[in-house]
Amino acid sequence: MKKNLPTTPDRRTFLKTGGVAAAALLTKGAIAVETAHTLPPLPANTNTRTTMPTRNLGKTGYKVGIFSLGGQAALEKPANFDVAVPIIERALDLGVNYIDTSSIYGGPERWSEQYVGRVMKSRRNEAFLATKTKERTRDGSLRMIEKSLQLLNTDHVDLWQLHDVGLPEDVDTIFAKGGAMEALLEMQDQKVVRYLGVTGHYRPEALIDAVNRHNFDTILMAMNAADTHIHSFTDKLLPLVVEKQMGIIGMKVPSRGRLLASWTPPSLDAQRHSWEGSAIAHRPGVMTMKDAMNFTLSHPVSTVIIGCDNIPQLEENVKIAQDFTPLSNSQMAALNELAAPVAEQSLFFRFTDRSKG
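Just so it is clear, the structure is predicted and the values come from calculations on it, not from any experiment.

**Thoughts on the overall build of the chain**
The secondary structure content of the chain amounts to 16 helices and 10 strands. The burial tally for the chain puts 56% of its 357 residues in the buried class. Across the chain, every contact between residues at least 6 apart in sequence was considered, and the portion connecting residues at least 24 apart equals 77%. When the accessible surface of the chain is totalled, it reaches about 14,600 Å², and 53% of it is carbon and sulfur.

**Observations regarding helix α4 (residues 81-93)**
Here α4 is 13 residues long and its end C-alpha atoms lie 18 Å apart, about the 18 Å a rise of 1.5 Å per residue gives. Along α4, the residues classified as buried are Ala-84, Val-85, Ile-87, Ile-88, Glu-89, Ala-91 and Leu-92. Looking at the packing, one finds that the buried side of α4 touches β3 (67-73), β4 (98-100), α5 (111-123), β10 (303-308) and α14 (311-322). Downstream of α4 by one or two residues, Gly-95 has phi in the positive range, about 100°.

**Quick notes on the confidence of the model for the chain**
Averaged over all residues, the pLDDT of the chain is 91; the fraction at 70 or higher stands at 89%. A low-confidence stretch, residues 1-36 (pLDDT under 50), is modelled with 65 contacts involving residues beyond four sequence positions or located in other chains.

**Some words on the nonpolar core**
In terms of nonpolar packing, the biggest core is built from 91 residues, with Phe-67, Leu-69, Phe-216, Ile-219 and Met-293 touching the most fellow members. Sort the elements by how many residues they give to this core and α4 lands first, with 6 residues. The residues touching Ile-219, leaving out its near neighbours within four places in the chain, are Val-198, Leu-207, Val-211, Leu-237, Val-241, Met-246, Gly-247, Ile-248 and Ile-249.

**Some thoughts on the side chain of Thr-234**
Within the secondary structure, Thr-234 sits in helix α10 (residues 233-236). Of note is the side chain of Thr-234, whose polar atom sits 2.6 Å from the side chain of Asp-227. Apart from the residues within four sequence positions on either side, Thr-234 is in contact with Met-223, Asp-227, Thr-228, Pro-239 and His-299.

**Quick notes on the pairing of strand β9 (residues 247-251)**
Burial within β9 is extensive, with 5 of its 5 residues counted as buried. Of the two faces of β9, both are covered, the one formed by Gly-247, Ile-249 and Met-251 as well as the one formed by Ile-248 and Gly-250. Note: strand β8 (residues 218-222) against β9, 5 bridges, orientation parallel. Residue Thr-218 lies in a different strand from β9, and its bridge partner there is Gly-247. As paired elements, β9 and β10 share 2 bridges and run parallel to each other.

**Side note on helix α8 (residues 180-189)**
The complete set of buried residues in α8 reads Ala-180, Met-181, Ala-183, Leu-184, Glu-186 and Met-187. Immediately downstream of α8, the backbone of Lys-191 shows phi near 65°, a positive value.

**Remarks on the pattern of salt bridges**
All chains considered together, the criterion is met by 20 salt bridges. Ionic pairing is found between Glu-126 and Arg-123, a salt bridge with its closest N-O pair at 2.9 Å. Connected through shared salt-bridge partners, Glu-89, Asp-93, Arg-123 and Glu-126 make up one network.

**Let's talk about the side chain of Asp-227**
Along the polypeptide, Asp-227 turns up in the loop between β8 and α10. At 3.1 Å, the side chain of Asp-227 forms a polar contact with the backbone nitrogen of Phe-233. With residues up to four places along the chain from it excluded, the contact list for Asp-227 reads Ala-222, Ser-232, Phe-233, Thr-234, Leu-347 and Arg-350.

**Examining the pairing of β3**
β3 sits mainly inside the fold: 7 of its 7 residues count as buried. Across 4 bridges, β3 lies against β10 in parallel orientation. Within the sheet, the bridge partner assigned to Leu-69 lies in β10 and is Ile-306.

**Describing the environment of Arg-55**
Tracing the backbone through its elements, the reader meets Arg-55 in strand β1 (residues 54-56). Assessed through its relative accessible area of 21%, Arg-55 is described here as partly exposed. In this structure, the C-alpha to C-alpha distance between Arg-55 and Ser-302, residues 247 residues apart in sequence, is 5.4 Å. Those residues in contact with Arg-55 that sit more than four places away from it in its chain are Tyr-62, Lys-63, Val-64, Ile-66, Leu-297, His-299, Val-301, Ser-302 and Phe-324. In terms of polar contacts, Arg-55 uses its side chain to reach the backbone carbonyl oxygen of Leu-297, at 2.9 Å.

**Re unusual backbone geometry**
The backbone phi angle of Arg-110 is positive, close to 55°, even though this residue is not glycine. Along the chain, the position of Arg-110 falls in the loop between β4 and α5. Even without being a glycine, His-231 presents a positive backbone phi close to 45°. Along the polypeptide, His-231 turns up in the loop between β8 and α10.

The rules behind each value
- Residues numbered from 1 in each chain as written.
- Predicted model: local features only at pLDDT ≥ 70, side-chain atom pairs only at ≥ 80, totals over all residues.
- Heavy atoms only, no water.
- Helix = DSSP H or I, 4+ residues; strand = E, 2+ residues; numbered from the N terminus.
- Buried < 20%, exposed > 50% of the residue type's maximum accessible area, 1.4 Å probe, protein only.
- Contact = heavy atoms within 4.5 Å.
- Areas by Shrake-Rupley, 256 points an atom, 1.4 Å probe, with all protein chains shown as cover.
- Expected span 1.5 Å × (residues − 1).
- pLDDT = per-residue confidence, 0-100.
- Core = buried A, V, L, I, M, F, W, Y, C linked by side-chain atoms within 4.5 Å.
- Polar contact = N/O pair within 3.5 Å; in protein donor to acceptor, adjacent residues only side chain to side chain.
- Pairing = 2+ DSSP bridges.
- Salt bridge = Lys/Arg side-chain N within 4 Å of Asp/Glu carboxyl O.

Printed below as a string of structure tokens:
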């Protein structure tokens, strides 16, 4: 394993002063004095080039493997260190060089960041590390990034993203005075975060508004074989972010399994008590994981992030990435048509009740 990258004395002081640092973060301009921070070189996983194709992550200069590890599935379950940590370690061994997590994955305990941080403690320079803030205010987001740095065992993240931007009012609040965008820009200016991104899976219009207001480096967007059937991101959003040369990360590729023929729907009661229950599934999906991944990867995306329940799933996904060949237009059209009968259950995240917060 590789050792941690060196931490400068100024940055170490900044990150370890506890309440003083927190107070500084929440005082307008207080951290502007921390001008000595420098970011290390971009991460480099030496296994990536021999295990899967890579693509440009937009204009960042980073070559990202086309399969990346998502921070959900096993990585969001409580007290799951014995399962989650080996998945992350194995992912790095297999050449995965991008790991996505969030301040809300795993509930208030932020289990996902904890698991990733356990591995980052000794292998930080092997992975491009992305996390998110769901907070819409400057102060709330600054509290989020401070805790993220602590849990992730690092003094910087490579990508800090606005989590789940779905409604026009999300965008208005984020870009208002005292909004989250102020925190993102401040942390980038202070070299606490390297790049800025925006994420969403609900409706394309809010994301279109956001990327037109700021030149984000990346976008994390839902893209799967069912997408074009309901509130399409592929039709409305993808052409814009391609034009802007953003790093495009595809998510919801198998739709938490709901696109896969191997998936068995949970009981109706279980579905109603989960966030996937916004669109009840009555049947399995219609395709293989290879079909689902190849469909999304045949679009102009930089990479796809997928959460894994176990190491065999991870290894299967890496093998699919390794063997990837772009689908023809007719093959893509066939998969899109195949997904039509399960489109609603596979796009459940577009039916969530946003009035609940």
